[in-house]
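Read off the chains here:
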Amino acid sequence: MQIIRNQRVEEDTWRHAPDGEPLAAGQVTVSLKRWLEERDTLIARGDVGVRLAPADELADLLADLPTITLIVLEFPDITEGRGYTQARLLRTRHGYSGEIRATGDVQHDQLSFMQRCGVDSFVVREDRDMDDALAAFGEVSVRYQPAADDETLIFHRREQG
Amino acid sequence: MYQYDNYDQTLVNERVAQFRGQVQRHLDGKLSDEEFRQLRLRNGLYYQLHAYMFRIAVPYGLFSSRQMHTLAHCARTYDRGYGHFTTRQNVQFNWPELEDVAKIMEELAAVQMHAIQTSGNVVRNVTADQYAGVAADELEDPRPYCEILRQWSTLHPEFCWLPRKFKIGVTGAAEDRAAIRLHDIGLELVRGEDGEVGFKVFVGGGMGRTPIVGKVVREFLEKRHLLTYVEAVLRVYNQLGRRDDNTKARIKILVRSLGIKRFRKLVEAEWELSRDDGLELTDAEIERMQGFFAPPDYQPTAEGAAELEQQVAADKSFARWVKRNTRPHKVTGYRIAIVSLKAPGAAPGDLTDTQMDGIADLAERFSFGELRSTHEQNLVLADVAEGELQALWEGLKALELATPNIGTLNDMICCPGLDFCALAKASTIPVAAQINEKFDDLDYLYDLGELKLKMSGCMNGCGHHYVGHLGLLGVDKKGSEWYQIILGGSASNDAVLGRRIGPAVPLDEVANVIEKILTLYVDLREEGERFVDTVHRTGIAPFKERVYADHT
Ligand code: HEM
Ligand code: SF4
């Protein structure tokens, strides 16, 4: 399957294991619940990512962040907004440097906001045009506020001339 | 007022181009109705009963003559020759074609206006005291902080999909004219213990179907922490606000269910962790913003005051307007003039294109080219020299905008109701007309004193009925339109929800019922007592008895 990673269309290598089903070989994600239950085995296995639902607490995962290479944030529909905060906190507060991926009802017009919050890859809905989605990143170039990117508060920038 | 720089202008221009693309994708079938809905809402574009409805931001109610001329032009070119001023100080067009909206946006962008975040579950237009900067009872001008909040909240990547809409109101005056206690966040500029000016922060107020008066979440917030603290509140809300039920998703419900103490604790804990994340304001940044709102070049003359005195003595009708529709200004020799958008027969808040152009010219001539819109759906020319008031009044009369009824029963807040709103249970505009017709004797209205009438066509409460001194709420009874009567609410410093006096009355009877209530008030009131104060003193029982006397 194709995804957008770092603003390029790439082939995806991850698989996503439903709870209770055996893990396929290679890179695979599990739910937070499963991660917490099978933590030691999964760390020993390696190549495991964690999926976070909007209501999941980051606190449960913090200690394990260094061992996790992919966190998938779920956006069941376009109005779901908690993932933006999850991404931003993972990046800026908890120093997570692995990949953060958005999945679910993810399309064109959310991409740039998600990216600013620290999401670096996107599973764009299957019925969407990838090129169309890629065009979304540059649409609004002015950012007034800092997020998980390099932007600074607009008032600081003006003061510095 | 604030002037865009390159950043601001680029942002609105790019936003217009982005919207154009969205419309195109929608027309090409690449965006479903529902998907397009979510996007257009973030640009102020609703679909209503008959047509699209386009809401344009007037940040904290301040705009220029030039901008008003553009609104007039848009009303003429893309709408049916009028626009509507809303309870959140914005402007709305009720009849634009989808194909034209991007063009309207372009025209707006050319005069530094936009419609960004005027709807959708985002931080909405920040509102302020309509007399900001000119009120005698003001500690400090709130508008620089409103503009700072506006920019910070614009396209904020983390908070563009909140559980529900989010409204911030700011005041710097002793009298709360901005209803800050009925906002998701209300900010009041206050002096702290050591003499420094900062904010008292209210949270969790709001109208709608579950009206709640906001609570103090922080007694004193240093100015430099304005954004750090507000961001902490938003983050807590974004994570914990309910998303399963739209009617329980506002922050007021979260605050109520957690209790203000627990909510405060959560915010303070979040703030501890995030206050150094780059949002702290420096003195220089605040001063720079204040520079945009510096007082104009006032030139009060002694003759002006004398002239006004003579004119008032010579012309009763002018005197009446001065008394009712002007307010004291902090600079001697100037007055604040209020333009009533509540002429009998007009829909409250509506203005034709000709009136828009006319009033823009008057503002240019008499008030430094600036106008304000108020949450009570009137306009304000804030800086009029006393000697020029009569000329202004003549100009307003010619535009039929000189109705001397500010603060009276007829100066009502009124939502669009059944005429424009799919959710309405009753029409509101005909009720406004009915009341206007019944109470057409200005002297009687003046005798009644300050009376805030607020009317909504359904329990969503866009017309703020629960905080009206006299509130009217449209309900449906077996397919016909009825009204509930609510007494004793207030949106000011003493903010309190009114109480329903009994069963609803038929729409045709509303004005008659109001008459009964007011007649009783006149009997009951003590010297100089306002209607709302009488209701608070006596309770609603006597009014209830009077209104339903015939039915029992
Ligand atoms: C569908 C037809 C509706 C119309 C035509 C309508 C109209 C309006 C207008 C013109 C405003 C002032 C807006 C501004 O300038 O920002 C407003 C505000 C408001 N509307 Fe509506 N509205 C509608 C639906 C709703 C619904 C469904 C709700 C609640 C669930 C609602 C709740 C409110 C509230 C609470 C306010 C502002 C009061 C405040 O919090 O300050 N409205 N509405
Ligand atoms: S109060 Fe009800 S009728 Fe009035 S505009 Fe709001 S939703 Fe419509």
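In what follows, the structure referred to is the one given above.
Read on for a plain summary of the structure. (Residues numbered from 1 in each chain as written. Chains lettered and ligands numbered in written order. Predicted model: local features only at pLDDT ≥ 70, side-chain atom pairs only at ≥ 80, totals over all residues. Heavy atoms only, no water.)

**Considering the packing of helix α5 (residues 143-153) of chain B against helix α6 (residues 226-240) of chain B**
Two quantities define a packed helix pair, namely the angle between the helix axes and the distance between the axes.
Residue and element names in this part refer to chain B.
Link 1 in the chain: Running from N to C, α5 and α6 cross one another at 50 degrees; their axes reach a closest spacing of 11 Å. By the angle class used here, α5 and α6 are oblique. Like other packed secondary-structure pairs, α5 and α6 cross with a definite hand, here right-handed. In this structure, α5 contributes Tyr145, Ile148, Leu149 and Trp152 to the contact, and α6 contributes Leu226, Leu227, Val230, Glu231 and Leu234.
Link 2 in the chain: Looking at side-chain class alone, the contact of α5 with α6 contains 8 nonpolar, no polar and 1 charged residues. (Axes fitted to C-alpha atoms, helices over the stretch in contact; angles between N-to-C directions. Helix = DSSP H or I, 4+ residues; strand = E, 2+ residues; numbered from the N terminus. Parallel < 35°, antiparallel > 145°, perpendicular 65-115°, else oblique. Left-handed = near helix turned anticlockwise from the far one by under 90°. Contact = heavy atoms within 4.5 Å. Nonpolar A, V, L, I, M, F, W, Y, C, P; charged D, E, K, R; others polar.)

**A closer look at the sheet that holds strand β4 (residues 82-85) of chain B**
All names here are of chain B.
Link 1 in the chain: Taken together, the 5 strands give an open sheet; going across it, the order is β1-β2-β5-β4-β13, and neighbouring strands pair in antiparallel fashion. Looking at strand neighbours, the two that pair on one side only are β1 (45-47) and β13 (350-352), the edges of this open sheet. Across this sheet, the average inter-strand angle for adjacent strands is 30 degrees, counted without regard to direction.
Link 2 in the chain: In this structure, β4 lies alongside strand β5 (residues 91-93), joined through 2 bridges in antiparallel fashion. Residue phenylalanine 85 lies in a different strand from β5, and its bridge partner there is valine 91.
Link 3 in the chain: Running at roughly 135 degrees to β1, helix α2 (residues 33-41) makes contact with β1 and β2 (52-56) of the sheet.
Link 4 in the chain: The strands touched by helix α4 (residues 98-110) within the sheet are β1 and β2, with β2 carrying the most contacts at an inclination of about 10 degrees. (Pairing = 2+ DSSP bridges.)

**A few points about the nonpolar core**
All names here are of chain B.
Link 1 in the chain: With 154 residues, the main nonpolar core has Met68 and Phe263 as its most contacted residues.
Link 2 in the chain: Looking at this core element by element, the count peaks at 9 residues for α6.
Link 3 in the chain: Counting 37 residues, the second largest nonpolar core, distinct from the first, contains Met455, Val510, Leu520 and Tyr548. (Core = buried A, V, L, I, M, F, W, Y, C linked by side-chain atoms within 4.5 Å. Buried < 20%, exposed > 50% of the residue type's maximum accessible area, 1.4 Å probe, protein only.)

**A closer look at the site of ligand 2**
Link 1 in the chain: Around ligand 2 lies a shell formed by Cys415, Pro416, Gly417, Cys421, Leu423, Ala424, Ser456, Gly457, Cys458, Asn460, Gly461 and Cys462 of chain B.
Link 2 in the chain: In terms of residue class, the shell around ligand 2 is built from 7 nonpolar, 5 polar and no charged. (Near = heavy atom within 4 Å.)

**Describing the interface of chain A and chain B**
When the parts come together, some accessible area is lost, and that loss is often what is quoted as the size of the interface.
Link 1 in the chain: Taken together, the contacts link 36 residues of chain A with 47 residues of chain B.
Link 2 in the chain: Between chain A and chain B lies a buried interface of about 3,900 Å² when both sides are counted; carbon and sulfur atoms form 54% of it.
Link 3 in the chain: Here chain A and chain B share 7 salt bridges between them.
Link 4 in the chain: Taking the shortest distance from any N to any O, the salt bridge between arginine 288 of chain B and glutamate 159 of chain A comes out at 3.8 Å.
Link 5 in the chain: Here chain A is connected to chain B by 20 residue pairs in polar contact (both at pLDDT 80 or more).
Link 6 in the chain: Elements with a minimum of two residues in the side of chain A that touches chain B: α3 (82-93), α4 (108-116) and α6 (154-159) of chain A.
Link 7 in the chain: Across the side of chain A that touches chain B, the residue classes tally to 13 nonpolar, 9 polar and 14 charged. (Buried area = accessible area lost by both parts, 1.4 Å probe. Salt bridge = Lys/Arg side-chain N within 4 Å of Asp/Glu carboxyl O. Polar contact = N/O pair within 3.5 Å; in protein donor to acceptor, adjacent residues only side chain to side chain.)

**Points about the environment of leucine 381 of chain B**
Residues and elements named next belong to chain B.
Link 1 in the chain: Checked against the element boundaries, leucine 381 lands in strand β15 (residues 379-385).
Link 2 in the chain: Note on leucine 381: relative accessible area 0%, which makes it buried.
Link 3 in the chain: The spacing of leucine 381 and isoleucine 336 is 45 residues in sequence and 6.1 Å in space, taken between C-alpha atoms.

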